[in-house]
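Survey of secondary and tertiary structure
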Amino acid sequence: MSKTIEGLYYSQSHEWVKVEGNTAFVGITDYAQEALGSVVYVDMPQQDDQVNAGEEFGAVESVKAASDLVSPVSGTVVDVNSGLEDSPSLLNEKPYGTWIIKVEMSEPSQLDNLMDAKAYAEYCENL
């Protein structure tokens, strides 16, 4: 069974969000990295790009599959995790300790559309 972390928000497309002020750190869940297998490449947007909740912002490629990354929130990308360019496997090693993008949220109320850890765990059990 994959693990979840209390205090994060989760999307049905298996991204997590950690909020600090108006900044959202976005990564992939333990469930997602387990399903993908060994991550070999992460396609990320550029700093200052706009992302929209429910829309693709990049992709994660593994030895067995590729999966779109879907933004859980809307806003402006204020930073990308450049460490993933050289070490994409960090998403496997520390899925909740490795963010992909930081977003300055334009609509923080969108967080209300995401799941908490308990709801996400139940969601994953029913997949």
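Quick caveat, the model's predicted, so the values are computed rather than measured.

What counts, and at which threshold
- Residues numbered from 1 in each chain as written.
- Predicted model: local features only at pLDDT ≥ 70, side-chain atom pairs only at ≥ 80, totals over all residues.
- Heavy atoms only, no water.
- Helix = DSSP H or I, 4+ residues; strand = E, 2+ residues; numbered from the N terminus.
- Rg over C-alpha atoms; globule rule 2.2 N^0.38 Å.
- Buried < 20%, exposed > 50% of the residue type's maximum accessible area, 1.4 Å probe, protein only.
- Contact = heavy atoms within 4.5 Å.
- UniProt positions renumbered as here; feature names shortened; annotations may be inferred.
- Core = buried A, V, L, I, M, F, W, Y, C linked by side-chain atoms within 4.5 Å.
- Patch = residues over 30% accessible without salt bridge, like charges linked within 9 Å, V, L, I, M, F, W, Y side chains within 5 Å.
- Areas by Shrake-Rupley, 256 points an atom, 1.4 Å probe, with all protein chains shown as cover.
- Salt bridge = Lys/Arg side-chain N within 4 Å of Asp/Glu carboxyl O.
- Phe/Tyr/Trp six-rings, centres within 6.5 Å; stacked < 30°, edge-to-face > 60°.
- Lys NZ or Arg CZ within 6 Å of the ring centre and 35° of its normal.

**As for the overall build of the protein**
For the protein, the count of helices and strands is four helices and nine strands. The secondary structure elements of the protein, listed N-terminal to C-terminal, are β-β-β-α-β-β-β-β-β-α-α-β-α. Compactness check: the protein gives a C-alpha radius of gyration of 13 Å against a globular reference of 14 Å for 127 residues, within 12% of the reference. By its C-alpha atoms, the protein is 35 × 35 × 20 Å across when sized along the principal axes. Across the 127 residues in the protein, those meeting the buried criterion constitute 46%.

**As for the environment of Ser-106**
Here Ser-106 shows up in the loop between β9 (101-105) and α4 (117-125). Here the alpha-carbon distance between Ser-106 and Gly-54, two residues 52 residues apart in the chain, equals 14 Å. Beyond its immediate chain neighbours, meaning those up to four positions away, Ser-106 contacts Ser-74 and Gly-75.

**As for the UniProt feature "modified residue: N6-lipoyllysine" (unreviewed entry) in the protein**
Under the UniProt annotation, "modified residue: N6-lipoyllysine" (unreviewed entry) lies at Lys-64. Considering the arrangement of structural elements, one finds Lys-64 in the loop between β6 (56-62) and β7 (66-70). By relative accessible area, Lys-64 is classed as exposed at 59%. Setting aside its immediate chain neighbours within four residues, Lys-64 contacts Glu-34, Ala-35, Leu-36 and Gly-37.

**With respect to the nonpolar core**
If you look at the biggest cluster of nonpolar residues, it comprises 24 residues, and the most contacted ones within it are Val-42, Leu-91, Ile-100 and Ile-101. For this core, the secondary structure elements donating two or more residues are β3 (23-28), α1 (30-36), β4 (39-43), β6, β8 (75-80) and β9. With near-sequence residues (within four places) excluded, Ile-100 lies in contact with Val-26, Gly-27, Ile-28, Val-42, Met-44, Phe-57, Leu-69, Val-80, Asn-81, Leu-84 and Leu-91. Residues Leu-8, Tyr-10, Phe-25 and Trp-99 belong to the second largest nonpolar core, which totals ten residues.

**Focus on a nonpolar patch on the surface**
Nonpolar side chains collect at one region of the surface, where Val-40, Tyr-41 and Val-63 lie side by side and expose about 300 Å² of accessible area between them. Residue placement: Val-40 occurs in strand β4. Take Val-40: its relative accessible area is 45%, and that puts it in the partly exposed class.

**Re the packing of aromatic side chains**
Counting across every chain of the model gives five aromatic pairs. Centre to centre, the rings of Trp-16 and Tyr-96 are 6.3 Å apart; their planes meet at 50°, and the pair counts as tilted. Taken as a pair, Trp-16 in strand β2 (residues 15-20) and Tyr-96 in the loop between α3 (90-93) and β9 lie far apart in primary sequence, 80 residues in all. Of the two residues, Trp-16 and Tyr-96, both sit in the buried class. Of note, Lys-18 hangs over the ring of Phe-25, and the distance from its end group to the ring centre comes to 5.8 Å.

**Considerations on unusual backbone geometry**
The backbone of His-14 shows a phi angle near 75°, a positive value even though the residue is not glycine. Unlike most non-glycine residues, Asp-48 shows phi in positive territory, near 80°. Here Asp-48 is to be found in the loop between β4 and β5 (50-51). Judged by its relative accessible area of 58%, Asp-48 falls in the exposed class.

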